2 protein chains.
Amino acid sequence: MPATRRAALPPRLASAEPGQGVTLADVALAAKVSLATASRVFSHPQLVREATAQRVHEAAQRLSFRPNLLGAKLRAQRTRIIGVMLPTLDNAVFAECWRGIEESAMAAGYSLMLVTSNYDPARETERVEYLLRHRVDGMVLTVADASDSTVLDQLDRESVPYVLAYNQVPAEGAVAGRHSVSVDNRTSACEGVNALIAAGHRRIAVISGAFTASDRARQRFAGYADAMRAHGLPVLDPVNLPSHTASNAAQIRALMDGGQAPTAFFCTNDLLAIGVISDLKRLGLRVPRDVSVLGYDGIALGALVEPPLATVVQPNADIGAHAIGELLQRLEAVPPAANGHATLLPHAIRIEGTVSAPAMPA
Amino acid sequence: MPATRRAALPPRLASAEPGQGVTLADVALAAKVSLATASRVFSHPQLVREATAQRVHEAAQRLSFRPNLLGAKLRAQRTRIIGVMLPTLDNAVFAECWRGIEESAMAAGYSLMLVTSNYDPARETERVEYLLRHRVDGMVLTVADASDSTVLDQLDRESVPYVLAYNQVPAEGAVAGRHSVSVDNRTSACEGVNALIAAGHRRIAVISGAFTASDRARQRFAGYADAMRAHGLPVLDPVNLPSHTASNAAQIRALMDGGQAPTAFFCTNDLLAIGVISDLKRLGLRVPRDVSVLGYDGIALGALVEPPLATVVQPNADIGAHAIGELLQRLEAVPPAANGHATLLPHAIRIEGTVSAPAMPA
DNA sequence: ATGAAAGCGCTAACAC
DNA sequence: GTGTTAGCGCTTTCAT
C-alpha cells in the first residue's frame, strides 16, 4: 500500500484557497529545512540563523502559509485566549469597556472570546463553562453580585486566573485573593451626592436597577446613604426599577406627587438617568429647573445630550484595559503573582447640565 | 524505563482543579471502555448502547471531565467558531446586533470571536487575518464600504463563507455571489424623508458621517435625493461630519444662519441625530417646534429620550440573528448553497417626537 | 456495539 | 543551528 497520507480525513477541497491547506510541514519542505526549524522561525527566531529564517519566510510567503493557531494552542497547553464576560453590550458602559479590553489584549497578542450574561447568574455559569471548554487562559468578567457568586466560587476552586471589572472586592479581608478593577463605587457615589447637597438639595431620591443584579448599585446606594447621613438628611428608600426600558413614569409620578417630593434624583447608572429625565419631562417637569438628576457611569452619550448629563464618571475603557493588564501580569508572572487586590481607578464628578440648585431651597 | 507518559511537557499542576487535567482517555479508563467509545458517547450517542453511555457519563461526572474543544476542533477540521467583525460597539446599533448574533449562534452550538474595525479598512484586513488564523468556519461582518473592500475581495478569493450585516449588496448583478442581511437602505431612507415632506418640510438638510467610512450612509443619502427629486425639492449637499462626538454646533449654525435655513434635518444615524439635536438646542432652537430631526437606526435609546427620536427603524438584533442563520445554512448545506443574495429585512418609520410640521410652512 | 490506531498542525525536549 | 521525535486531546475510519 502506497504511503498515502491524510487518508482518514475527508479530502480537502483542492482549490486555490491560499493558506487553507498549507501546513508548516509544507513550508519546511519548500524551504528545505526540518519542521522544527520552520516552527522556530516563527516562535523563537533568535534560535535560527538569519539566512535560514529568510528562506523559510520566503517559502511561507510563496505558499501563502497561514499558521493554524489551533495546533499551536493544543500543543502549547495555553491558548492565549482571554474569555470576557460582560452583562450586556446594550449598556454603553460595557461597550466602552470592551474597547479598552480589545485594544490592550490585541496589543499583547492575546485573543478574545466574548459572552454576555444579561445579569443572570444561571447564564453566567453556563457561559463561563463554555469559556472554560475553550481553554481560555484566564478571564475578565463582570458578575451580577461578586459577594454571592456561584461562578466566582467555581473559578476560585479551579484556580482559573481572572480579574473582575466593575465589581469591587472589599479592600480589607479581600475574599480569596480576588482581583478587581473598578472605581470606588461607594466613595464616588458619596461625592456625587455631596455635590447635590452642596447645590442646595435636601431631599434626594435614589433610582436604581435591581440590587440583586448589581452589587455596584448597592454600593452606590451605600455611598448615597453616607452622604445623606453625614449631613443629617433623610435617607430615602431606593426605588428599584426592574429595567430602564419601559416608561417608569408611574413610579416617578408617585414620588413627585407625595407631599415630600424630592428636588433631586440620584440614579445608579446613566441609562436609568436618561430614562428618568424623560419621565420627568413627560410629567411636565423641567430638568434641571424643577428637578435635578445625577447619573453614574459617564457614558459618552451623556455628554452629547442637552443639557449634558451630570454624572459620576468612570474611566470605562481604562477599566477594561487595566483588567486585561492585570490578568496578563498574573498569567505571565513567573512567581504566582501578588495577592488579591482591588485596583481603584480615579473617578470624576461632572456636575453640570442636569443638576442645578433646587427651585425653592429648603 | 517505566512507561512514563507526558514526559515531554511541563508537569501539570497536580492540583485538584476539576476538569483541567482530565482527558477523555481518563474517562474511558474509569468507565472501562475504549477512548473511541467514550468519544462516541458525546459526539454520536446513537452509536453506543444506553448502558455503556450511562457508565461513561457517570465517570465523566465523577472526574469532572471537561471536554477540550481544541482537540476536537483540530481533528475535525472545523472549529464551529464564527468570526464577527463590527465597526464598533460604541454605536448601539452594533451592540444591539451583537445580541442577536450571540443568541442565535449559541443556540446553534457555535462559538464567537468578536473583533472591531473602527471603520478602518487597514484594521479590517488585520483583524480578518487574525480571525482566519483561528480557523473560524465563517464570518459575519460589517465592512466600511462593501463596494470597495480589500477584505471582501480576499475573502472571496479564499472562498471563506461569510455574510454581510448592514452592508447591502446590490439586488441585481450581485457581486461575486455575496450574501448580505440588511434593510433596504435607500428605500427606507426615501420613505423617511417622504414622511418629512408629508409633514410639510420643503428644505431638508442631510447630516452624515464620512461617506467613505460607510456605504450605508451613501445609500441613505441617495434615498433622500430620490424623495426630494420626486417632489421637485432641492437636493442639498450633505454635511459630512468627521464624527459625532465633538460638538458640531459651528457647522449646524452656519447652516441655520444661511438665508435658506432648513426646517428639517435627516441624519444618517441616530447617534448623529442626538448630537444634532443637542447642537440645535445650544443654538437656542427647539426641536421639533423650530426644527425637525429625523434619525436612522432605531436604537433603543431613541425611544427613551424625550421627545422620542423620530427615526427609520432597523431590526438590529434580527439583522444579527439572520446573518448568523444564513451563514449556518451555508456552512451546513450539503450542496454548496444557493447563490449570492441580499436579504432585506423590514424597516419601519417612526415619525413622532422630534418631527412635526415646520414652524412656517413654505 | 466496541476497540485499535492513525493523525489533525504544531511545539519542545533531546540529540547531534 | 538544525533535525528527530513524541505527543497535546480528540474524532474517525476500519476491523471485529
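In this text the structure is predicted, and so the values were computed from the model without any measurement.

Draft legend 1. Structural detail: the overall build of chain A. When its secondary structure is counted, chain A shows 13 helices and twelve strands. Considering chain A as a whole, with its 362 residues, one finds that 51% of them fall into the buried category. Long-range pairs, those at least 24 residues apart, make up 71% of the contacts in chain A between residues at least 6 apart in sequence. Accessible surface, chain A as shown: approximately 15,700 Å² in total, 56% of it carbon and sulfur.

Draft legend 2. Main features of the relation of the copies chain B and chain A. Least-squares fitting of chain B to chain A yields an RMSD of 0.1 Å, with the superposition described by an axial translation of 0.0 Å and a rotation of 180 degrees. The relationship between the two copies is best expressed as a two-fold rotation axis. Within chain B, B:Met113 has its C-alpha nearest the rotation axis, a separation of 2.7 Å. An overlap of 100% is found between the interface residues of chain B and their copies at the interface of chain A, pointing to a shared contact surface.

Draft legend 3. Geometry of the interface of chain B and chain A. Listed per partner, the contact involves 58 residues of chain B and 58 residues of chain A. Of the roughly 5,500 Å² buried at the junction of chain B and chain A (both faces included), carbon and sulfur atoms supply 54%. Contact with chain A buries surface across chain B, with B:Arg66, B:Arg135 and B:Leu304 losing the most and accounting together for 13% of the total. Across the contact surface, chain B and chain A share 14 salt bridges. Linking A:Arg123 and B:Glu103 is a salt bridge whose minimum nitrogen-to-oxygen distance equals 3.6 Å. Seen at the junction of chain B and chain A, the total is 31 residue pairs in polar contact (both at pLDDT 80 or more). Of all the elements in the fold, those that place two or more residues in the side of chain B that touches chain A are helix H4 (69-76), helix H5 (92-107), strand E2 (111-116), helix H6 (121-133), helix H11 (270-282) and helix H12 (300-304) of chain B. Among the elements that line the side of chain B that touches chain A, the one with the most residues is H5(B), at seven residues.

Draft legend 4. Summary view of the domain arrangement of chain A. If you check the domain split of chain A, you get domain 1 (24-74), domain 2 (81-182 + 316-345) and domain 3 (185-314). In this structure, domain 1 of chain A and domain 2 of chain A have C-alpha centres spaced 35 Å apart.

Draft legend 5. Main features of the packing of aromatic side chains. For the coordinates displayed, the defined rule picks out eight aromatic pairs over all chains. Between B:Phe94 and B:Tyr166, the ring centres sit 5.2 Å apart and the planes meet at 80 degrees, which makes this aromatic pair edge-to-face. Here the residue B:Phe94 occupies a position in helix H5, and B:Tyr166 occupies one in the loop between strand E4 (162-165) and strand E5 (179-182), the gap between them amounting to 72 residues. Each member of the pair, B:Phe94 as well as B:Tyr166, is classed as buried. With 5.3 Å between their ring centres and 40 degrees between their planes, B:Phe221 and B:Tyr224 make a pair best called tilted. Here B:Phe221 and its partner B:Tyr224 are both found in helix H9 (residues 215-230), three residues apart, which amounts to about one turn of the helix. On the basis of relative accessible area, B:Phe221 is assigned to the buried category, the value being 16%. Feature note: the residues A:Phe211, A:Phe221 and A:Tyr224 constitute an aromatic cluster, connected by ring pairs.

Draft legend 6. Representation of unusual backbone geometry within the structure. B:Val287 connects to B:Pro288 through a cis peptide bond whose omega is 5 degrees. Cis geometry marks the peptide bond from B:Glu306 to B:Pro307; its omega dihedral reads 0 degrees. Tracing the backbone shows B:Pro307 in the loop between H12 and strand E10 (310-313). In this structure, A:Lys32 takes a positive phi of about 55 degrees despite not being glycine. In the Ramachandran plot, B:Asp297 falls in the positive-phi region, its phi being about 140 degrees despite a non-glycine side chain. In this structure, B:Asp297 sits in strand E9 (residues 292-297). Given the relative accessible area of 3%, B:Asp297 is considered buried.

Draft legend 7. Molecular detail of the sheet that holds strand E2 (residues 111-116) of chain A. Residue and element names in this part refer to chain A. In space, the six strands of this open sheet follow the order E2-E1-E3-E4-E5-E11, with parallel pairing throughout. This sheet does not close on itself; its edge strands, each paired only once, are E2 and strand E11 (341-344). With strand direction ignored, the average angle separating the axes of adjacent strands in the sheet is 20 degrees. Sheet topology note: the strand E5 (residues 179-182)/E11 ladder contains four bridges and is parallel. Across the sheet, the residue bridging to serine 182 is leucine 344, located in E11.

Draft legend 8. Inspection of the environment of B:Thr125 at higher detail. All names here are of chain B. Position of threonine 125 relative to the elements: it lies in helix H6. Looking at threonine 125, the relative accessible area reads 29%, which means it is partly exposed. Counting along the chain gives 165 residues from threonine 125 to aspartate 290, while the straight-line C-alpha distance between them is 45 Å. Setting aside anything within four residues of it in sequence, one finds threonine 125 in contact with Val151 and Gln154.

Conventions and cut-offs
- Residues numbered from 1 in each chain as written.
- Chains lettered and ligands numbered in written order.
- Predicted model: local features only at pLDDT ≥ 70, side-chain atom pairs only at ≥ 80, totals over all residues.
- Heavy atoms only, no water.
- Helix = DSSP H or I, 4+ residues; strand = E, 2+ residues; numbered from the N terminus.
- Buried < 20%, exposed > 50% of the residue type's maximum accessible area, 1.4 Å probe, protein only.
- Contact = heavy atoms within 4.5 Å.
- Areas by Shrake-Rupley, 256 points an atom, 1.4 Å probe, with all protein chains shown as cover.
- Least-squares fit on C-alpha atoms with pLDDT ≥ 70 in both.
- Buried area = accessible area lost by both parts, 1.4 Å probe.
- Salt bridge = Lys/Arg side-chain N within 4 Å of Asp/Glu carboxyl O.
- Polar contact = N/O pair within 3.5 Å; in protein donor to acceptor, adjacent residues only side chain to side chain.
- Domains from an automatic or database assignment.
- Phe/Tyr/Trp six-rings, centres within 6.5 Å; stacked < 30°, edge-to-face > 60°.
- Pairing = 2+ DSSP bridges.
- Axes fitted to C-alpha atoms, helices over the stretch in contact; angles between N-to-C directions.

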